[in-house]
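# Structural features, examined
Each chain, written out:
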Amino acid sequence: MMLPGVTEAMLEPDFWIRRLRQSDEAHHMDRATCSDILWSDCRDLVHVPSIAATFLTNLDLDVFHRWLTLPEIDGRTLYNEHSQPLNETFWQTVTTNASFGKEQMYVRFGFAVRRADVRRWPTATCAFRTPEDREFDQFQETALHTFEPVIVLADSRDGQWHYAISQTYAGWVRSADIAIATWQDFLQYAQPERFVVVTRPGVCTQANPYDEAVSKRWIEMAAYLPIADAAEPSVGNQIRVGHTPILYPVRLPDGTLEVRTALISNRAGIHEGYLPFSPAWAIRSAFQLLTERYGWGDSFGNHDCSSLVMDVFRTMGVPLPRNAGAQEHASRHRVEIPPSAGVRERMRLLEGLGPGVPLYMPGHTMLYLGCVDHRHYVIHDFAGFLDDERGDEIFVPVNEVMVSTLDVKSSKGQTYLESLTGVLELFPSAVR
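These remarks concern the structure in this document. Just so it is clear, the model here is predicted, and its values are computed rather than measured.

What follows deals with the overall build of the protein. The number of helices and strands found in the protein is 11 helices and 22 strands. Taking 432 residues into account, the globule formula puts the C-alpha radius of gyration at 22 Å, and the protein, at 22 Å, falls close to it. When the backbone C-alpha atoms are referred to their principal axes, the protein occupies close to 60 × 60 × 45 Å. When the 432 residues of the protein are sorted by exposure, 56% land in the buried category. Summarising the internal contacts of the protein: among those between residues at least 6 apart in sequence, 68% fall at separations of at least 24. Averaging the positions of the 39 positive and the 55 negative side-chain charges in the protein gives two centres separated by 2 Å.

A separate point is the packing of helix α4 (residues 48-58) against helix α6 (residues 183-190). It is at 10 Å that the axes of α4 and α6 come closest, and there the two elements cross at 155°. Taken together, α4 and α6 sit at an angle that is classed as roughly antiparallel. Along this stretch, α4 crosses α6, giving a crossing that reads as left-handed. From α4, Val48, Pro49, Ala52, Ala53 and Leu56 reach across to α6, where they touch Trp183, Phe186, Leu187 and Ala190. Residues of the contact of α4 with α6, tallied by class, amount to nine nonpolar, no polar and no charged.

A word on the packing of aromatic side chains. Tallying each qualifying case throughout the model produces 25 aromatic pairs. Here the aromatic residues Phe109, Phe111, Phe147, Trp183, Phe186 and Tyr189 are joined through ring pairs into a cluster of three or more. One Lys or Arg, Arg284, reaches over the ring of Trp281 and ends 4.6 Å from the middle of that ring.

With that out of the way, let us pick up α4. Of all the positions in α4, only Val48, Pro49, Ile51, Ala52 and Phe55 are classed as buried. Along the axis of α4, the buried residues cluster in a sector spanning 165°; they form a single face. Those residues of α4 hidden inside the fold are in contact with β1 (108-112), β4 (149-155), β5 (161-165) and α6. Following α4 by one or two positions, Leu59 has its phi on the positive side, about 50°.

Okay, the sheet that holds strand β8 (residues 195-198) next. Taken in spatial order, the three strands of this open sheet run β11-β8-β16, and their pairing is antiparallel. The sheet is open, and its two edges are formed by β11 (224-226) and β16 (270-272), each paired on a single side. When strand polarity is set aside, the average angle formed by the axes of neighbouring strands in this sheet is 30°. Of the strand pairs in this sheet, β8 and β11 are connected by three bridges, and their pairing is antiparallel. The residue of β11 that forms the bridge with Phe195 is Pro226.

Another aspect to go through is the side chain of Asp381. Residue placement: Asp381 occurs in strand β20 (residues 375-387). No salt bridge is formed by the buried Asp381; its nearest oppositely charged neighbour, Arg293, is found at 8.0 Å. Setting aside chain neighbours within four positions, we find Asp381 in contact with Glu292, Tyr294, His303, Asp304, Cys305, Leu308, His364, Glu400 and Val401.

Right, let's talk about the packing of helix α7 (residues 279-287) against helix α8 (residues 305-314) for a bit. α8 packs onto α7 with a crossing angle of 130° between their chain directions and a minimal axis gap of 9 Å. The angle between α7 and α8 places the two elements in the oblique class. Of the two elements, α7 crosses α8, and the hand of that crossing is right-handed. Listed contacts from α8 to Ala282, Ser285 and Ala286 of α7 are Leu308, Val312 and Phe313.

Here we come to the environment of Leu45. Along the chain, Leu45 turns up in the loop between α3 (31-41) and α4. The exposure class of Leu45 is buried, given its relative accessible area of 6%. The residues touching Leu45, leaving out its near neighbours within four places in the chain, are Leu38, Trp39, Arg66, Gln167, Thr168, Pro319, Leu320 and Pro321.

On to the sheet that holds strand β18 (residues 358-361), then. The strands making up a sheet associate through backbone hydrogen bonding, with each pair oriented either parallel or antiparallel. An order of β17-β22-β18-β19-β20-β21 is seen for the six strands of this open sheet, with the pairing classed as antiparallel. Bordering the open sheet on either side are β17 (334-336) and β21 (394-405), each of which pairs with just one other strand. Across this sheet, the average inter-strand angle for adjacent strands is 35°, counted without regard to direction. Of the strand pairs in this sheet, strand β19 (residues 364-372) and β20 are connected by five bridges, and their pairing is antiparallel. When the bridges of β20 are listed, Cys371 appears paired with His376. Set on the sheet, α7 makes contact with β19, β20 and β21; between it and β19 the angle comes to about 115°. Contacting β18, β19, β20 and β21, α8 runs over the sheet at an angle of about 70° to β19.

The rules behind the values
- Residues numbered from 1 in each chain as written.
- Predicted model: local features only at pLDDT ≥ 70, side-chain atom pairs only at ≥ 80, totals over all residues.
- Heavy atoms only, no water.
- Helix = DSSP H or I, 4+ residues; strand = E, 2+ residues; numbered from the N terminus.
- Rg over C-alpha atoms; globule rule 2.2 N^0.38 Å.
- Buried < 20%, exposed > 50% of the residue type's maximum accessible area, 1.4 Å probe, protein only.
- Contact = heavy atoms within 4.5 Å.
- Lys, Arg positive; Asp, Glu negative; His and termini not counted.
- Charge placed at Lys NZ, Arg CZ, Asp CG, Glu CD.
- Axes fitted to C-alpha atoms, helices over the stretch in contact; angles between N-to-C directions.
- Parallel < 35°, antiparallel > 145°, perpendicular 65-115°, else oblique.
- Left-handed = near helix turned anticlockwise from the far one by under 90°.
- Nonpolar A, V, L, I, M, F, W, Y, C, P; charged D, E, K, R; others polar.
- Phe/Tyr/Trp six-rings, centres within 6.5 Å; stacked < 30°, edge-to-face > 60°.
- Lys NZ or Arg CZ within 6 Å of the ring centre and 35° of its normal.
- Arc of directions from axis to C-beta.
- Pairing = 2+ DSSP bridges.
- Salt bridge = Lys/Arg side-chain N within 4 Å of Asp/Glu carboxyl O.

Structure below.
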């Protein structure tokens, strides 16, 4: 089944890239300028090495104060993965496990050794709004990328979880997913001189029968990994021709970091350094995730709408906040769409857009693709749409990354076009 107004040809990135005007690619703001503006404008982004260095300069725990507020207990009845309500005993146990004060804080620096879930509470128990739900875990916040730097502030009472700050989030991460590093190693690997970016899902290190810790390890799209020294001609008794040797983080039994060398095929989907900063590359990256199943808070090892857009721009070296609301207001380069704007006014605004810019509505974000036959198209990770073709509005679940028009209706009964609130101008000259 194809979505309304979408053809097979539209499911290829080149369909949209061929439609780019020359001016769409000739944007005025380069990657460095765009990143600097986002770092300076957005309170939801943290330059982890800088804040770590600030702490080491004055050893003041108040540097981290704004990340230390633990969540309140959800007043609704929530259900675990076995459809049982989370009772008072559960809440007492989980809040006790999460309890820490300034006296329990011990600042450490580390890296995620794999894609790692970030949780609202230090528990693997899921929390759903209905007994039937298995998708929208209210404790699931986001996920860390492999080799992503973090600052660890505290441990859970049971020792199984770290409370960690990343570039975009603070929350509970399994201790087994974090390796603690020395300051020298942290600074070296958090800001490597040479690195690869994983540019598509399904990338894996080569098999290594001599080192299981780095053998056939899946690495998710938008992860950054340092490039290893080129002195050795082989790794794991395999010649390096046709491969890039990368450094892979390993957690030792004592919880500390050891970095080992692994090979990734140059054909696997990696790029030395960031991808070029342009609308065409934004579109190419987004289409790498086409048909991926929706994952609330990065559940199932997948993306949701805002992490899709975040990772698209992360491959190009441009930092964005994790959540849609923060993304929309991340920069002074934003076009606001007032609620009073009518359909014609919204259409005129879209007609002036260049492809590749993020669009926003309450709780949702999309990547604009362009206009075909007076219909505007986006690629996004979305739940579904209301189909009124037969007169009655029936909700059609999509739950994946897909191309759609903006004139389909969301579950709230408004079209996506009517729901737009803003455009983030990451390619300023593309918005005319």
